[in-house]
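# Descriptive analysis of the structure
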Amino acid sequence: MRFRKTRLRTKITAMLLSLAALWVFAAWVTLREGVNLLWVSQLDASVSAPSDPLLFALQRERRLSMVRLSEKTVQTRKTLESQRKETDGLQAAFREEADATVVHWALDDPGDERLTEMIARLQSLKEIRQNIDAGRFTQAQASSAYDEVIDPIYDLYGSLATLDDKELAKDVRSLLTLSRARELLTREDALLAGALAEGRLTSATLAEFAQAVGSWRITAEQAAGDLPDFDKAAYDRLAKGQASIRLQNLEKQVMEYDPSSLSLPFTADVWKSTTERFLADFNTMVLDAGDRVVERTVPVAVNVIIRLVLAGGLGLLAVIASIVLSITTARALLAQLQKLRDAAHELSDDRLPGIVERIGHGEEVDVAKEAPALDFGDDEIGQVGQAFNTVQRTAISVAAEQAELRRSIRDILLSLARRTQGLVHRQLTVLDVMERRETDPEELKELFRLDHLAIRMRRNAENLIVLSGSSPARTWRRSVPMVDVVRGALAEVEDYTRVSLMPMGEVVLVGRAVGDVIHLLAELIENAVSFSPPYTNVQVSGQLVANGYVIEIEDRGLGMKTEDLDSANERIADPPEFRITGTARLGLYVVSQLAKRHEIQVVLKSSPYGGTTVVVLLPQELVQLDPTPETHDSGEGRERLPRRQPAVATATRPGTAENVRTLPTRAAAPVSQPVSQPVSQPGSQPVPPPAPRPRPEPARRPRPEPAPAPEPQAETPAEPEQKSVTEFTPGGLPLRVPQANLAPALRDDTPTQPDFEENDDERSPEEIRAMMGSLQSGTRRGRSQAAKMLEEQQGGDDA
């Protein structure tokens, strides 16, 4: 697979190198046979030829040494010394030939080791001779010592039979086996010659003699069976000759000899003449067979030379011609392909993207003029150019269709969002009227819940507007306090009761960014609430910094992996083009688009508590140090901010967090209508602010005195903001204070607040027990559900 990705020039070079390697291999196979013949010839001349006389001399010296140990005469001593001098001369000649460098080149590693061992054994002859002369060796020890000197010579012969021709190699191995049989016969001769010189044949000598006879005859018969027909016939004639028959008779007499007999079966001279005659005939037969093997190697050598000329000479010419043709063809092909590549790159990198971008913007483009067809002839490369032209036309047409499809989808999303937004706005208006009119607490609580759901629906509609590339119509002209902006975002979150709001400081947000910042914060807060356990809180805090204003949203969930955080931050910092298929993280896309619109920086990082912290940096041009709340004009009329908040808080002590479930109420803020805060029951879904408690029955309270008519006053600045604290019933529910938001001139000073102490006194023990039982069962149920949700989240993260 990797070779497919390489360049054409590399492939052609690899093909030429493969062709050259193939020629080198074929030439080497042929040349190796010739070299092998050359090495065999060299080894025959430098090793085999000098070693044969040395082998025969060692065999004669061994026989004379065996006789010398039994017969201590002057004649035997002189004969042995003469033979030793002959052996030393042959050994020196062999060492001179074997030490040539060409011999070591011709031998392989095993052959070189055997030659070294043979030379080392030859050097031990001096010590063997000294032991024999001093009488420290017996006949058996002397024979064994000479055997250890002669055996490495036959091992070396085995390394020389390395012909590639199988038949020739087989015949050479057969001849070597016959030579080995001759060595076994000479051992038999030396053994019996020593015994005859001593004048007695012991039982041990007879047993060893019988074993030697069997060894050499079996070895010779096995080697003769593998000889060619002519050589096998020569061996048969030798085996049936007079010398062989006489030798067999003498061997039979020895093996049938009685050790207790006082006389020997024959004399030493009879045995010597018989063995010398047979060994001479045996050696002549082996040498004649070797000559015939050499004659058979001549045609093999001629054949090798012919193949070497054909494979080396003609093959080399063919390789050179192929290389020249391949290079010229490759150059022409590469030049044409390079032109096609340059034209294709210019079209794909410069022209085609510009055309597609202009089509995406709705411009009319002349494709034939902007992206002309490529023309490279009618050959295979020209056909590739024609195929590229087809791909180009198809790509442009598909790009136009995709651009039109994206515009249509954006228009559809924008149309649906605008319609939904209008309906939701009307729904909010109707709910507002109904809430003002309703006095039943339960009904008012349900209306607040519908109001909260409608606000979330409005945010979802605005999400569609953001996805379509447009701007929501909900805008403000004047600045809004930052705390109200955050509360407005909380009003659009489902589980707002789990959010703790820290002091935000005396900072206002410019009107043009209010709607988008509320939307952005709502997306991030809802994400933090959704991906954290239900028994944990989400903390929202803000402060001024050198580069603007920072809002931090921290949850206590399971957090995100490092690679997921990096991916989310990259997606927010560099938002990709919206695709219909990319629906997995639409919230991040909406956040990235809103942040990009006002150059807001949004960064996700790990929280020290194990969750995730979102840092939102508002630039300096979006914030002001003016905490005065005002009523703001929106594109849809005069809208209050926030419309329905989960809770409204007064300024708290520095460093003290406000939990939306127990926040004090801003009494006279003209930017919004105060709403009392609900308390979610254990095991139930958090709901928007419940309805305020109804006014007590008139029968239980004195009738209020009519308020005096207000005196006419000149226009004065708005009264400073009055602050009141939300009060709660003994049951823990917030108590709505009637007339808390009316102008001072319209208020009824008649006390309407119920007496909590009276209510506490009026509760029966059964009611208190039922209330505490409900609280206990709800708490247990909430804890079990929270533990189950935590286990499911951990199981999802492990998967």
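Attention in this report is confined to the structure presented alongside it. What you are looking at is a predicted structure, and each value in this text was computed from that prediction instead of being measured. (Residues numbered from 1 in each chain as written. Predicted model: local features only at pLDDT ≥ 70, side-chain atom pairs only at ≥ 80, totals over all residues. Heavy atoms only, no water.)

With that out of the way, let us pick up the overall build of the protein chain. For the protein chain, the helix and strand inventory stands at 20 helices and 15 strands. Across the 799 residues that make up the protein chain, the buried fraction comes to 40%. The contacts of the protein chain with a sequence gap of at least 6 include a subset with a gap of at least 24, amounting to 77%. Working note: accessible area of the protein chain is about 44100 Å², and carbon and sulfur atoms make up 54% of it. (Helix = DSSP H or I, 4+ residues; strand = E, 2+ residues; numbered from the N terminus. Buried < 20%, exposed > 50% of the residue type's maximum accessible area, 1.4 Å probe, protein only. Contact = heavy atoms within 4.5 Å. Areas by Shrake-Rupley, 256 points an atom, 1.4 Å probe, with all protein chains shown as cover.)

Here we take up the pattern of salt bridges. Summed over all chains, the structure comprises 24 salt bridges. Taking the shortest distance from any N to any O, the salt bridge between Arg-129 and Glu-61 comes out at 2.8 Å. With Arg-129 in helix H5 (residues 125-133) and Glu-61 in helix H1 (residues 8-70), this residue pair connects regions lying 68 residues apart in the sequence. For the pair Arg-129 and Glu-61, a shared accessibility class is recorded, and that class is buried. A salt bridge links Asp-151 to Arg-180, with the nearest nitrogen and oxygen atoms 3.1 Å apart. A residue pair is termed long-range when its members are at least 10 positions apart, and Asp-151 in helix H6 (residues 139-160) and Arg-180 in helix H7 (residues 166-198) qualify at 29 residues. By relative accessible area, Arg-180 is classed as partly exposed at 26%. A single salt-bridge network, built from bridges that share partners, covers Arg-62, Asp-147, Asp-151, Arg-180, Glu-183 and Arg-187. (Salt bridge = Lys/Arg side-chain N within 4 Å of Asp/Glu carboxyl O.)

Turning our attention to unusual backbone geometry. With a phi close to 55 degrees, Glu-599 is a non-glycine residue in the positive phi region. If you trace the backbone, Glu-599 turns up in the loop between helix H18 (586-598) and strand S6 (601-606). Among the residues examined, Glu-599 registers a relative accessible area of 60% and is labelled exposed.

Nonpolar side chains collect at one region of the surface, where Val-298, Val-302, Ile-306, Leu-310, Leu-314, Leu-316, Leu-317, Ile-320 and Val-324 lie side by side and expose about 810 Å² of accessible area between them. Relative to the helices and strands, Ile-320 is located in helix H11 (residues 268-360). Under the relative-accessibility criterion, Ile-320 is labelled partly exposed at 45%. (Patch = residues over 30% accessible without salt bridge, like charges linked within 9 Å, V, L, I, M, F, W, Y side chains within 5 Å.)

This brings us to helix H4 (residues 109-123). Its 15 residues give H4 an end-to-end C-alpha distance of 22 Å, which sits within 8% of 21 Å, the value for a rise of 1.5 Å per residue. If you check which residues of H4 are buried, you get Gly-111, Leu-115, Met-118, Ile-119 and Leu-122. Each buried residue of H4 sits inside an arc of 95 degrees when the element is viewed along its axis, so together they form one side. Residues Asp-109, Glu-113, Thr-116 and Gln-123 are exposed on H4 and point more than 90 degrees away from its buried face. (Expected span 1.5 Å × (residues − 1). Arc of directions from axis to C-beta.)

A contiguous patch of negative charge, built from Glu-563, Asp-566, Glu-570 and Asp-574, is present on the exposed surface. Tracing the backbone through its elements, the reader meets Glu-570 in helix H17 (residues 562-573). (Lys, Arg positive; Asp, Glu negative; His and termini not counted. Charge placed at Lys NZ, Arg CZ, Asp CG, Glu CD.)

Another point: the packing of aromatic side chains. Scanning the entire structure with this criterion turns up 5 aromatic pairs. For the pair Phe-209 and Trp-271, a centre-to-centre distance of 6.0 Å together with 65 degrees between the ring planes defines the contact as edge-to-face. Pair noted here: Phe-209 is in helix H8 (residues 203-225) and Trp-271 is in helix H11, with a separation of 62 residues, a long-range link. Classification of Phe-209 as buried rests on a relative accessible area of 1%. The interplanar angle of 40 degrees and the centroid separation of 6.0 Å between the aromatic rings of Phe-278 and Phe-282 together place this pair among those described as tilted. Taken together, the residues Phe-278 and Phe-282, both in helix H11 and 4 residues apart, mark about one turn of the helix. (Phe/Tyr/Trp six-rings, centres within 6.5 Å; stacked < 30°, edge-to-face > 60°.)

For strand S5 (residues 548-554), the tally of buried residues reaches 6 of 7 residues, placing the bulk of the element in the interior. Alignment of strand S4 (residues 538-545) against S5, held across 7 bridges, turns out to be antiparallel. Residue pairing for S5: Leu-544 is matched across the bridge by Tyr-549. In textbook terms, the turn of a hairpin is the stretch between consecutive antiparallel strands, and for S4 and S5 this stretch comprises 2 residues. (Pairing = 2+ DSSP bridges.)

Attention shifts here to the side chain of Asp-495. For Asp-495, the position within the fold is in the loop between helix H15 (482-490) and strand S2 (499-501). In this structure Asp-495 comes out as buried when scored by relative accessible area, which is 15%. Here Arg-498 takes part through its side chain, which lies 3.1 Å from a polar atom of the side chain of Asp-495. (Polar contact = N/O pair within 3.5 Å; in protein donor to acceptor, adjacent residues only side chain to side chain.)

Leu-521, Ile-551 and Val-602 are the most contacted members of the largest nonpolar core, which totals 51 residues. No other element matches the 10 residues that helix H16 (residues 514-530) contributes to this core. Excluding its chain neighbours within four sequence positions, the residues that come into contact with Val-602 are Leu-520, Leu-524, Asn-569, Ile-572, Val-591, Ala-595, Val-614, Val-615 and Val-616. Grouped together as the second largest cluster of nonpolar side chains are 36 residues, Ala-181, Ala-234, Phe-282 and Ala-289 included. (Core = buried A, V, L, I, M, F, W, Y, C linked by side-chain atoms within 4.5 Å.)

This brings us to the sheet that holds strand S1 (residues 480-481). The strand order across the open sheet formed by 3 strands is S1-S3-S8, and the pairing between neighbours is antiparallel. The open sheet has two edge strands with one neighbour each: S1 and strand S8 (623-624). Relative to strand S3 (residues 508-509), S1 is paired through 2 bridges, and the arrangement is antiparallel. Its bridge partner being in S3, Val-480 is matched across the sheet by Leu-509.

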